[in-house]
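Coordinate analysis (summary)
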Amino acid sequence: MLSPAVIAHNSQLIRLDTNPPAEGSRRLFFGLDAETLSAHLMEAGEPAWRGRQLAEAMYRQRLTSLDAMTTLPKRLREDLAKMDVEVGRPRIVQVFRSVDGTERYLVEGQAADGQTVETVWMPEGDEGEAGDGSEEGAADEAGKSWSRATICVSSQVGCAVNCQFCLTAKLGLQRNLTAGEIAGQVVAVLDRHAVEVGRDRVNLVFMGMGEPFLNYENFMAAVRLLVEEVGLSPQRMTVSTSGIVPGIERFAEEPPEVRPKLAISLNAPNDAVRSEIMPINRKWPIEAVVDAVRQVRLRSRERVTFEYVLLGGVTDRPEHAREVARLVRRAGFPLKVNLIAWNPGPGIAYSMPTGDAVETFKRTLAAEGVPVYLRRPRGRDIYAACGQLKRTVEG
Ligand code: SAH
Ligand code: SF4
């Protein structure tokens, strides 16, 4: 059970987050669900079903201007334009393409401050970590060079959590993203790759910049949009948290129809090491995080993921692997471990694990009976580490 002091402390943490600047007279419609759109349109004297029509146009047809929305009568489009209604979504403003097919984007939100976040497209999935954990690939689609893909989505501009190995941490927290800005990254990337929702296999991982559970309302509103309006399955979505206990407890209350799968950034074998590399562990140590995860009712065959960044000499020793195995057994819920070799970045004084250390760590965990996968580094040549692109491009 959580003490009121902890809850108070956390709500303070959430209050510290800054929201996007006010939008003046512009009315941003992208990010609103069909029901809310209906309410707005009914105020303007339109029938309720126009809301659904507008939602279809923005989220299914992926249209970005009122002019293009020819399912709506011209008169209505003109009225909406006069009311300063904006139906556009966040825009991809820069594209970096890696030799392995990974694309990394800077996406500009709808707010007037011009802030950008990173979004990543990884065709073919990321072996053993496709989001749904399954291995088989779909048949090739005509004209498409990929059979499945994973999109990595950001939840905040920067991050306040301050993990010592992470580049996003260096940016500090600039502001929260709105639900429209979170879902908009996905819709922009789906559109770029002409993804047919319901046919193509696309997984989402909320593992980009920021801590989703410190922007909980907007994050979950984005998930609901992506499920209900865009048509993606929550079982193909994974949210990763550094272990924000009150966030995990709220997440445990979400209905299964809109709940993504859960990943915890464990990253260390014990509290001593974890507190050193993730200061948040002093507030919510491993046991508190594991207790909170126990409250999440898992779907059949669902597993929680423990992510584990291997830092050379710091978290990558065989005795660490054995300690992680004991931790997994104590946790007692179905889980798998995703190993990630640390991606270096400027100004961060850690080292990458050697290939041998990675192999030994993986083998040791497997020998202890822990399901373990190694995440292939993607797009290293285009600065693939979390937060690296924005820092490198924008200085
Ligand atoms: N804030 C959330 C989600 C974004 S970070 C979280 O921390 O879980 C997504 C993952 O990237 C986390 O597991 C984090 O530990 C990992 N990560 C951060 N910086 C990294 C780096 N330089 N190399 C490899 N993994 C990194
Ligand atoms: Fe934030 Fe996650 Fe980076 Fe930690 S690892 S600083 S929680 S983005």
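Right above here is the structure, for reference.
Now for a description of the structure that goes with this document.

Parameters and conventions
- Residues numbered from 1 in each chain as written.
- Chains lettered and ligands numbered in written order.
- Predicted model: local features only at pLDDT ≥ 70, side-chain atom pairs only at ≥ 80, totals over all residues.
- Heavy atoms only, no water.
- Near = heavy atom within 4 Å.
- Polar contact = N/O pair within 3.5 Å; in protein donor to acceptor, adjacent residues only side chain to side chain.
- Helix = DSSP H or I, 4+ residues; strand = E, 2+ residues; numbered from the N terminus.
- Nonpolar A, V, L, I, M, F, W, Y, C, P; charged D, E, K, R; others polar.
- Buried < 20%, exposed > 50% of the residue type's maximum accessible area, 1.4 Å probe, protein only.
- Contact = heavy atoms within 4.5 Å.
- Axes fitted to C-alpha atoms, helices over the stretch in contact; angles between N-to-C directions.
- Parallel < 35°, antiparallel > 145°, perpendicular 65-115°, else oblique.
- Left-handed = near helix turned anticlockwise from the far one by under 90°.
- Pairing = 2+ DSSP bridges.
- Core = buried A, V, L, I, M, F, W, Y, C linked by side-chain atoms within 4.5 Å.
- Phe/Tyr/Trp six-rings, centres within 6.5 Å; stacked < 30°, edge-to-face > 60°.
- Lys NZ or Arg CZ within 6 Å of the ring centre and 35° of its normal.

**Comments concerning the site of ligand 1**
Taken together, 18 residues are adjacent to ligand 1, and G210, S240, S265, N267 and N343 come closest. At 3.2 Å from an oxygen atom of ligand 1 is found a side-chain nitrogen or oxygen belonging to E307. Going through the elements one at a time, β10 (237–241) and β12 (304–310) are the ones with two or more residues in the shell around ligand 1. Partitioned by chemical class, the residues of the shell around ligand 1 number 8 nonpolar, 8 polar and 2 charged.

**Some words on the side chain of S275**
Locating S275 in the fold gives a position in helix α9 (residues 271–277). By relative accessible area, which is 13% here, S275 ends up buried. A polar contact of 2.9 Å, which involves the side chain of S275, links it to the side chain of N281. When residues no more than four places from it in sequence are discounted, the contact partners of S275 are N281 and R282.

**Considering the packing of helix α6 (residues 179–192) against helix α7 (residues 216–230)**
Helix-helix packing: each pair is described by the crossing angle between the helix axes and the interaxial distance. Running from amino to carboxyl end, α6 crosses α7 at an angle of 40°, the nearest separation of the two axes being 7 Å. Here α7 runs oblique to α6, going by the angle between their axes. The chirality of how α6 crosses α7 is right-handed. Where α6 approaches α7, its residues A179, I182, A183, V186, V187 and L190 are matched on the opposing element by N218, F219, A221, A222, L225, L226 and V230. Its residues placed into classes, the contact of α6 with α7 shows 12 nonpolar, 1 polar and no charged.

**Remarks on the sheet that holds strand β14 (residues 372–375)**
The strand order across the open sheet formed by 10 strands is β3-β4-β5-β6-β9-β10-β11-β12-β13-β14, and the pairing between neighbours is mixed. The open sheet has two edge strands with one neighbour each: β3 (91–97) and β14. When the angles between neighbouring strand axes are averaged without regard to direction, this sheet yields 25°. Together, β12 and β13 (335–341) form the strand contacts of helix α11 (residues 318–331), whose direction differs from that of β12 by roughly 165°.

**Describing the site of ligand 2**
Every residue close to ligand 2 is listed here: C159, V161, N162, C163, C166, A169, G210, E211 and S242. Split by residue class, the shell around ligand 2 holds 5 nonpolar, 3 polar and 1 charged.

**Digging into the nonpolar core**
If you look at the biggest cluster of nonpolar residues, it comprises 106 residues, and the most contacted ones within it are F206, F306, V337 and L365. With 9 residues, α7 is the largest single contributor of residues to this core. Once residues lying within four places of it in the same chain are set aside, the contact partners of F206 are V153, I182, P212, F219, V223, L226, M237, T238, V239 and S240. If you look at the next biggest cluster of nonpolar residues, it comprises 6 residues, including V120, M122, C152 and V205.

**Details of the packing of aromatic side chains**
Here the structure, examined in full by the defined rule, presents 9 aromatic pairs. With 6.4 Å between their ring centres and 90° between their planes, F306 and F333 make a pair best called edge-to-face. Taken together, the residues span a long stretch of sequence, with F306 in strand β12 and F333 in the loop between α11 and β13 at a distance of 27 residues. Per residue, the accessibility class of F306 equals that of F333, and both read buried. An aromatic cluster of at least three residues, connected via ring pairs, comprises F206, F213, Y216, F219 and F251. Positioned over the ring face of Y373 is K336, at 5.3 Å from the centre of the ring.

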